[in-house]
Each structure stands twice: as C-alpha cells, then as structure tokens.
Amino acid sequence: MDSSLIVQYGPALLRGFGVTILCWAAGCAIGLVLGFALMLLRQLPIRPLQALIRAYIEIIRGTPFLIQLFLLYSGGPSIGLRLEATTAGILGLGLYGSAYFAEIFRAGYQSVPKGQVEAALSLGMSYGAILRRVIVPGMLVSTLPAIVNMMAILTKETVVLSIITVPELMYEMQTMAAETFATFETILGMALFYWLLVEVVSRLGRRLEARVTRFLSHSSNARA
Amino acid sequence: MKFSVILDALPYLLGAAVTTVWVSLLGVLLGQVIGVLVCVARQSGNRAADIAGGVYVSFFRGVPLLIQLLLIYYMLPLIGIDVPPLVAAVGALSLASGAYVSEIYRGSLNAVPHGQSEAALALGFPTATIWTRILLPQAFRISVPALVNELILLLKASSLISVVGVAELTRTSQTISASNYRPLEIYLAAGCIYLAINGALALFGTLLERRLQEG
Amino acid sequence: MTAVSEAAAPPAAAGDAVPMVSIRGVGKSFGTNEVLRDIDLTVNKSEVVCLIGPSGSGKSTLLRCVNFLEVYDRGDIRIEGKLVGYTEGTPRRRQSNRELRTLRRNVGMVFQQFNLWPHMTALGNVAEALVQVRGMDKAAAAARARQMLDRVGLAAKADAYPARLSGGQQQRVAIARVIAMEPHLMLFDEPTSALDPELVGEVLQVMRDLAADGMTMVVVTHEMGFAANVADKVAFLDHGRIAAFGTPREVFHESAEPRVRQFLQTYHERNSF
C-alpha cells in the first residue's frame, strides 16, 4: 500500500473513527439509561406495562439490527420521522442495546439477595435510598461482565451503521477502498483494527471488573 | 400504512425467508463441524494447535461480521477462487459460528466432571473413544440451549449477507421497498417474519431441551 | 396514648404503661394454608421474649409481621400503641411506605443470614442508615458507627468488608447496625442458626449485654440455654398457634402441654452425645 494514501485519506479516516466512537458512546449511553428505566418500570405491578415492555424486548432481540436500522432510517419518514443518518444510527444503536441491557439489569436486580433489601427496609430506608445504596451497587457487581460484553458487541455493531450511510470508520474505509481499488488490503486493515479495538474494550472492562469486585476477594466463613 | 402493499410483497418475502433459513442452517451445521474440530484441537494438548485455535476464535469473535464477510468475499477471487456470493456468505457465517460454537463446547466440556475421563482412562479406553463416547455426547447435551441460541443469532446475523447481494429476506425487502417506495410496511413485514422464525426456533429449543433432560 | 418518659429507669414490667408490643388475634394465610392463627402476645418494655418451636411452626413469620416485612391478614399488632401496617379505623387500609418507614425506624431487626451489604465496609454498613434515615452528616455517622462497633467488640474491624469477617463477626456488625439507630425494640430472627457452633457464643454474649442494658427484645431461637437464662417470657409455637406461654421455668419445667414436652425431648436428644 502506498504511504501517500495515508496522507490523502488520513483525515477522513480519523473523522470516521471519531464518528464511530461518538455513535458507540452515545448508543451505549442511551441503551444503558433506557435499559435501566425499562427494568425499573417492569418492577411496577402494572400488568399491561409489563407485557408492553416484554414485547418491546422480545421484538428487538428477535429481529436483525439491520432491519431495525432500515425501519428507523428508511421507514421513519413514512410516519413523519425524518432523521439524519448519524442520528438514526445512534438512536438505533441505543434502542437495540436497551433491550439487551434491560434483560441484563433484570437478572442483576433479581440476583441481589432479598435479605439485603429487607435489612434496609427494617432500618427504615426509603425505596429510593435502597435502590441507590443497596440494589444498584449489588447489581453492578453481578452484571458488570455482561455489560462489558454487550458494550463490546455494540462496538462491532457500529460498522453496520455504514450500510445506512453513517459516515463512520467503516464507511470512510469503503469509500477509500472504492477509490483506490485496494479493496482487500483496506478491509484486512479494518479487520485488524476492529480486532484490536474490541480486544481493548474487553480488556479495559475486565480491569474495571477486577476493581469493582475487589471487596469480594475473601470468602465468608459463615455457613449459609 | 397500507397493508395491501404487504400482501402484494408477501410471496416474495416468504420466498426470501426460505433462503434466509437455509443459509443460516447451513452456516450453523458447518459451524458445528468447525467448532467441534477447533475445540478438540485446543484441548488436544498440542501447543501449536491450541494457539492456532485460540487466534481463530479471537479473530472471528473480535472482528465485526460485516468485515469478515467482505474480507472473504474479496479474498476468494484474489487467491483464484471464483464463487458466487452465496458461497462466500455461507463460508463467512460458518467461520464466525464455528468460533462461537467452539467456545460453547469448551464451556460444556468443563462442565463434564474430570473424574469421568479418568474413569474411562482407568478402564483402558483409547483417547478417541473417550471423546466420541464420553465427552462429546455430554457436551452436546449441555450445549443444546446455547446451540439453539446460536442458530437464532446466526439467523439475525444473516441479514448482513444482503450487502454482497444475496437475495435473502433483508436484501429482498430492500429491493421491494426501493421499487414501491413503501419501506415502512415492507421492513415491518420483514421484521415480523424474522420474529416468527426466531419465536418458532426458541420454542423448538425449549422442547428439545426438555426431551434431552428426560432422556 | 400516654407519653412514656425515655429517661425513666426501665421498670421490669410497668403494669400501667402501654406495652411495647401488643399482638391481638393475629392470623395469616398463604392461600389455604393458615400459618398463623389467633395469636395473642404482649411484650412489655425491657422484656426479653423468646419464640421457640419446631421449624414451620410460624415463629419467624410472626416475628416478621411485627415490623410488617410479612403482611398479616387478621387481628392487630401494635408497637407502643401504634397499629403496624394498617391505618386505624374500618375498613382498614395499608399504611403508606412513608408511615411504615417511620414505624420501622424504632424497630431493629437482626437476620439469620446477617444481610450485611457486601459492598460496604463494616463501618459503612453501620453508618449507612444513620446518613440515609437519620440524616446525620457523614463524619458524625462514622464516629457513631465506630462507637457501636466498639460496643460489639469489633472496633478493629471497622474497615473490613463483610467477606473478610467470620459469621459471628458479621452478625455482631449487623447488631451494631441496628443499635446505632437506637431502636425501642429489637427483633432477632434465628440470629445464631447460620453460625458455626464455635461462633455462637460471641453473638449470644452481645445479646445478653443488650438485655442487661434494658433493651426490649423478641428473639426467635433454637438456643434453649439462652431462652432459659435470659428470657423473661417464652412462647412455644406449634402449627401457627401459641401452644404454651410463660416464664422459662413455666414453659420448660412445668408445662403439661405434650407438644412442648415432645419438642424439648427431641431437642435434648439431638444435643446430647
């Protein structure tokens, strides 16, 4: 590969990488917040709401991400929802992630021992305080591996956004490949780059996990 | 929303869904073969095989499927293999699936108590027999839920092969909505078909799991 | 309701004062299964009452009804004269969470499984409710938490996470967490049942000290020695009913109730070697 290509396409690729990171970060943020909200709403004893949330989760998890993107980006205008490609991409990524995060959080919520909540209740703590101080920290520990894993999956899903013309890294790379005819080399470079990126995300996640779970390092002597 | 549009397109969409299903099934079946081979290679005790298997698993799990697909699609002609896009697509799905399946089997093998192969060794079983008679049947049984799940994942992932022009469900939806300007209806219909197939698969998985638990 | 002076020396059983706990005609069912039937029980200030009986007799359920962790269906439970879990008057309605919180503030509970929060240190566990419920500032809460840990003999373990403590130490932290809130009443739900035998003593000692300081306690326990030596009253539950009630002497030595005799017999056989 010609090194002058780097000069020529470097800025575009860098910009593309910026868009990738933006989409990933914003998508994760929307997914986490919405997923957490869905999990909380699902705890309310309102049957129709529970059914609705469950249907949402099953629909998102049962259909391809690409179809969801097409629906949002191409189908949206039919109902007056006109989104720019990048906005649609971020929103799509967020909605997609939210269903998976909601399930992860639900499992985490259920994994917090009931007794820890009862102890807080018996001390007169409010539900808000119990959620903040007891349930969420407890959940964090049990769900962190799954959250990190999902965030790594979302890193990979960002490349799908190129199909709806979001100008992220994959899109810029394909433009470059088409213009230079160095298609295979470019794609191989991409493969190696994403391999590295996903590995870095996973590793950082594992390090974070180790930090968060430090206090669990010694097992209890209590019979249980 | 016009539902007549969906009715008109339905025969084409269902036909394309058949392609989606068999491409995914083929991908999972080949993925099974690759997965078992890689898993056995990594457990064989041969260091080179272990490292090669590890790199394979790491690469195909770490690189986005879309890139794997394009890589294979563009690589085959370069090394002089001229195949239709469909073959490249199935190849990419199988290779990706194989990486995940080998990890599923690795987890399941770890769940088979070590004492069982020791007992077989003590009885004088040859290594190959221990694999085929003791370890793999149990690993398979433990793996069933994960494998059905893998099929569902692959079915969804197969939508990506639309980019190399394979006329499966997603590609066909794109083609139809580009000609009738009704993307909302068409993609909704496509989504429902994916959902129905995956729902059926999930149900099948539950039944299969129950059967295996009884047997 | 008459005002009860906090400062007054605790009389053994002031006949004219409002009882700390008054349980009248309480019943509870899970579906068709009646787990509590027509329970009457009075606990006066500074009394220690032990609930004993075979497993499944309803003693833990009864205890959990007292702070409404478990909902009772029939009858009244009153703490210092105030109805627990329901509003006064008929038809009665459930209390709001806020009202329940106000009530629970004065009722401490110690659990079989300790239920410490694993992500907080021993000190953090004790200080948490002081900050969240009492609204104390962090420094004051920490100082008070340290005192309480000292009281249960664990000042040195203030910065340890629960996973690093023995079961007995965890249970003492759980007790410190409760007494920091200065409860008027403490409920103990089999506090030593999850402990290795050699760790039971340290927890019982802390409980004895509390009783000696005049704490009102209701204790579900299998430790007959503790019940015999520390309790003012013992209630024997069987199939959701109080089958025998009285001083330890009356229940353990003078009761003619055959179920009590049989239970104690089984207990003695299991503990003799």
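Just above, that's the structure.
As a starting point, this report considers the structure included with it. Note that the coordinates shown come from a computational prediction; the quantities given were computed from them, not determined experimentally. (Residues numbered from 1 in each chain as written. Chains lettered and ligands numbered in written order. Predicted model: local features only at pLDDT ≥ 70, side-chain atom pairs only at ≥ 80, totals over all residues. Heavy atoms only, no water.)

1. Focus on the interface of chain B and chain A
With 31 residues of chain B at the interface, the matching set in chain A holds 32 residues. A combined buried area of about 2,700 Å² lies between chain B and chain A, and 81% of that area is made up of carbon and sulfur atoms. Together, B:I67, B:L184 and B:Y187 form the three largest contributors to the area buried by chain B at its contact with chain A, with a combined 20%. Seen at the junction of chain B and chain A, the total is six residue pairs in polar contact (both at pLDDT 80 or more). Going through the elements one at a time, α2 (47-62), α3 (65-78), α7 (169-180) and α8 (183-214) of chain B are the ones with two or more residues in the side of chain B that touches chain A. Here the side of chain B that touches chain A takes nine residues from α8(B), the largest share from any one element. Class assignment for the residues of the side of chain B that touches chain A results in 21 nonpolar, eight polar and two charged. (Contact = heavy atoms within 4.5 Å. Buried area = accessible area lost by both parts, 1.4 Å probe. Polar contact = N/O pair within 3.5 Å; in protein donor to acceptor, adjacent residues only side chain to side chain. Helix = DSSP H or I, 4+ residues; strand = E, 2+ residues; numbered from the N terminus. Nonpolar A, V, L, I, M, F, W, Y, C, P; charged D, E, K, R; others polar.)

2. Details of the interface of chain C and chain A
Facing the 36 residues of chain C at the interface are 29 residues of chain A. Overall, the association of chain C and chain A removes approximately 2,600 Å² of surface from exposure, summing both partners, and the carbon and sulfur fraction of that is 57%. A per-residue breakdown of the area chain C buries against chain A is headed by C:W117, C:H119 and C:A163, which together make up 21% of the total. Between C:E128 and A:R133 there is a salt bridge, with the nearest N and O atoms lying 2.5 Å from each other. (Salt bridge = Lys/Arg side-chain N within 4 Å of Asp/Glu carboxyl O.)

3. Examining the nonpolar core
Counting residues in each nonpolar core, the largest one holds 203 residues, and the members touching the most others are C:I175, C:M186 and C:M217. Of all the elements, helix α4 (residues 85-111) of chain A adds the most residues to this core, at 12 residues. Setting aside anything within four residues of it in sequence, one finds C:I175 in contact with C:V110, C:V152, C:M186, C:F188, C:V203, C:V206, C:M207 and C:L210. Counting 13 residues, the second largest nonpolar core, distinct from the first, contains B:V101, B:V112, B:A120 and B:L147. (Core = buried A, V, L, I, M, F, W, Y, C linked by side-chain atoms within 4.5 Å. Buried < 20%, exposed > 50% of the residue type's maximum accessible area, 1.4 Å probe, protein only.)

4. Description of the sheet that holds strand β5 (residues 82-83) of chain C
Residues and elements named next belong to chain C. Taking strand neighbours across the sheet as the criterion, the four strands line up as β2-β1-β4-β5 in an open arrangement whose pairing is antiparallel. Looking at the sheet topology across the chains shown, the edges are occupied by β2 (33-43) and β5. Note that strand β1 (residues 21-30) and β2 share seven bridges and pair antiparallel. Among the inter-strand pairings, F30 is bridged to a residue of β2, identified as N33. (Pairing = 2+ DSSP bridges.)

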